[in-house]
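# An overview of the molecular structure
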Amino acid sequence: MSESNASHASQSHLMNTHAHSNTHGHAHGHGHAHGTATNANTTIASMQRMRSTRSNYASDADYEIAILTACLEMVHRASNESIAETWQTIGIEALRILVKLLERPFDKIQAILQHAERSNHSANVIDRNIAQAINRENKLSVQKITKILAVYSLIPEAKAVMARCPGLLSVLVKITDTQNINRMKTMRPVSNRIKKSMMNMNANVTANANANANANSRPND
């Protein structure tokens, strides 16, 4: 499937999830409604910043996926009951798409390294190409998807399905591989600048996922 087709397919599925979660979010009381309005205002501001600070090297697909995953993460800030119902409705289908989107930046990096080895690229060229592949939009997508997965992992019915989901555990290992043990296999060294950038991305993803899981594990007021 081409990148453009994958983007459109992801958009269709993710927007369906957005609509479903948003509908259930309105079913709660005044306090929840106030929190939802606050989250909405915050996310609108975030969307505006994304539009005004789009990375020079972000493709249309990078940008669209970042916007969609940010929206999807926002509407998953709901009660445990709503999240459980969302999982029952579209969780398994959404999980496969989310895993593919998580793998996407790492697939790009691997393709760059393979091409560099065939073409005998210099370390500077490799650094530049990888830096473009791990642009701001791709980092944001990984962060938001990881937070969504953290929310789903709190649903008892989802635990076994997630553990068996093809590719999920392996891509999570890549995200948490801050020592760069398993991610990039190449004969050419990758610069410390690129390694530091990817370690920072991994640290942010892990911190955000832990914070989100802790917040969702607290009893509702």
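Definitions and limits used
- Residues numbered from 1 in each chain as written.
- Predicted model: local features only at pLDDT ≥ 70, side-chain atom pairs only at ≥ 80, totals over all residues.
- Heavy atoms only, no water.
- Salt bridge = Lys/Arg side-chain N within 4 Å of Asp/Glu carboxyl O.
- Buried < 20%, exposed > 50% of the residue type's maximum accessible area, 1.4 Å probe, protein only.
- Helix = DSSP H or I, 4+ residues; strand = E, 2+ residues; numbered from the N terminus.
- Contact = heavy atoms within 4.5 Å.
- Axes fitted to C-alpha atoms, helices over the stretch in contact; angles between N-to-C directions.
- Parallel < 35°, antiparallel > 145°, perpendicular 65-115°, else oblique.
- Left-handed = near helix turned anticlockwise from the far one by under 90°.
- Nonpolar A, V, L, I, M, F, W, Y, C, P; charged D, E, K, R; others polar.
- Core = buried A, V, L, I, M, F, W, Y, C linked by side-chain atoms within 4.5 Å.

### Some thoughts on the pattern of salt bridges
Evaluated as defined, the whole model comprises six salt bridges. R54 is the partner of D60 in a salt bridge, and the nearest nitrogen-oxygen pair spans 2.8 Å. Note that R77 is salt-bridged to E73, the shortest N-O span being 2.8 Å. For E73, a relative accessible area of 3% gives the class buried. One salt-bridge network, held together by shared partners, links E73, R77, K144 and K147.

### Things to note about the side chain of K144
Relative to the assigned elements, K144 resides in helix α6 (residues 136–152). A relative accessible area of 16% places K144 in the buried class. For K144, the residues in contact, after removing those within four places along its chain, are T69, A70, E73 and R77.

### Examining the packing of helix α4 (residues 80–119) against helix α5 (residues 123–133)
Closest axis-to-axis distance for the α4/α5 pair is 9 Å, and the angle between their directions is 160°. Judged by the inter-axis angle, α4 sits roughly antiparallel to α5. Between α4 and α5 lies a crossing of right-handed hand. On α5, the residues touching K108, I109, I112, L113 and A116 of α4 are I126, N129, I130 and A133. Here the contact of α4 with α5 is built from residues that sort into seven nonpolar, one polar and one charged.

### Focus: the packing of α4 against α6
Two numbers describe how α4 lies on α6: the axes approach to 10 Å, and their chain directions differ by 150°. Both α4 and α6 take part in a crossing whose hand is left-handed. Between α4 and α6, the contacting residues are I83, T86, W87, I90, L95, L98, L101, L102, R104, P105 and K108 on the first element and N138, V142, I145, T146, I148, L149, V151 and Y152 on the second. The class makeup of the residues in the contact of α4 with α6 is 14 nonpolar, three polar and two charged.

### Re the nonpolar core
Core analysis: the biggest nonpolar cluster contains 30 residues, and W87, L95, L149, Y152 and M162 have the highest contact counts within it. Sorting the residues of this core by element identifies α3 (60–75), α4, α6, α7 (156–164) and α8 (168–176) as the ones contributing at least two each. Considering every element that reaches this core, the biggest residue donor is α4, with 11 residues. In this view, W87 contacts I92, L95, Y152, I155, E157, A158, V161 and M162; residues no more than four positions away in its chain are not counted. Among the nonpolar cores identified, the runner-up in size contains eight residues, and I109, I112, L113 and I126 belong to it.

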